[in-house]
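# Breakdown of the fold
Listed below, chain by chain, are the residues.
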Amino acid sequence: MSDHIAVRRDTFDVAAELARLEAMGGGAVASFVGQVRSDGPDFDALELEAYPAMAEAALGAIVATARERWPLLGVTLIHRYGRLAVGDRIVLVATASPHRAASLEACAFLIDWTKTRAPFWKREWRRDGTTVWIEAKPADEAAAAAWS
Amino acid sequence: MDILYFAWVREAIGRDGETVTPPADVGTVAELLAWLSDRGEAYAVLRDVERLRFAIDQRFEPIDASIVGATEVAIFPPVTGG
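One structure accompanies this document, and this report is about it. Computed from a predicted model, the values in this text were never measured in an experiment. (Residues numbered from 1 in each chain as written. Chains lettered and ligands numbered in written order. Predicted model: local features only at pLDDT ≥ 70, side-chain atom pairs only at ≥ 80, totals over all residues.)

### Thoughts on the packing of helix H3 (residues 100-117) of chain A against helix H4 (residues 138-145) of chain A
Residue and element names in this part refer to chain A.
- Taken N-terminus to C-terminus, the directions of H3 and H4 make an angle of 125 degrees; their axes are 8 Å apart at the nearest point. It follows from the interaxial angle that H3 and H4 lie oblique. Classified by chirality, the crossing of H4 by H3 is left-handed. Residues Asp112, Trp113, Lys115, Thr116 and Arg117 of H3 touch H4, and the partners they reach there are Asp140, Glu141, Ala143 and Ala144.
- Tallied by class, the residues present in the contact of H3 with H4 amount to three nonpolar, one polar and five charged. (Axes fitted to C-alpha atoms, helices over the stretch in contact; angles between N-to-C directions. Helix = DSSP H or I, 4+ residues; strand = E, 2+ residues; numbered from the N terminus. Parallel < 35°, antiparallel > 145°, perpendicular 65-115°, else oblique. Left-handed = near helix turned anticlockwise from the far one by under 90°. Contact = placed C-beta atoms within 7 Å. Nonpolar A, V, L, I, M, F, W, Y, C, P; charged D, E, K, R; others polar.)

Next comes the structure, spelled out in structure tokens:
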């Protein structure tokens, strides 16, 4: 199987995932790792809620679209859910291709669409125990729409 | 028909889902929202349609999509993953 698509609670091994793509021999592997960023001194943790039954299929559809547009040998798209601390990895996108531009462009496309076309919701936990749901950003939707 | 709620929609309604049998004249997502919003104060969140998104049988669909024959309808805020 040349694609690895997963929705899971536990973290992932970036080096192992990239090694899998490097072994395909295309000569170009690009990757993006999304991490939890502190949103100020009150920030405690980020919680990701998923629609589990739909999430993996949605990621698969995004990967299928990328494969229609770029010559890709392999794709990895892993998205975590649950409560995550500052610095924890949230998402890994990685692409293998015979062409530098294809691997880089497909990687950017995959994260832009994952942000706007996969059923996950973020909320921030504050140190006082309260939570705030993160609002969708118009800039994210604009970035995703720019690929259409 | 199974209805699923996520994120602040789930919190407002106070449950993550329920099984309902809408009347025959409820044929679209918009009509389903109107019907569900009459179930009680907690369901008032479903009148805030501009802030809601939907999936029918695990595919994203617009508010005017048909729910006829659907087995699972999910109602949630705009997604914020990645």
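### Let's talk about the sheet that holds strand E7 (residues 120-126) of chain A
Residues and elements named next belong to chain A.
- Here we have four strands laid out as an open sheet, ordered E5-E3-E7-E8, and antiparallel in their pairing. Lying at the two open borders of the sheet, with one neighbouring strand each, are strand E5 (82-84) and strand E8 (131-133). Ignoring strand direction, the axes of neighbouring strands in this sheet form an average angle of 25 degrees.
- For strand E3 (residues 43-50) and E5, the ladder comprises three bridges, and the chain directions are antiparallel. Across the sheet, residue Glu47 finds its bridge partner in E5, namely Arg83. (Pairing = 2+ DSSP bridges.)

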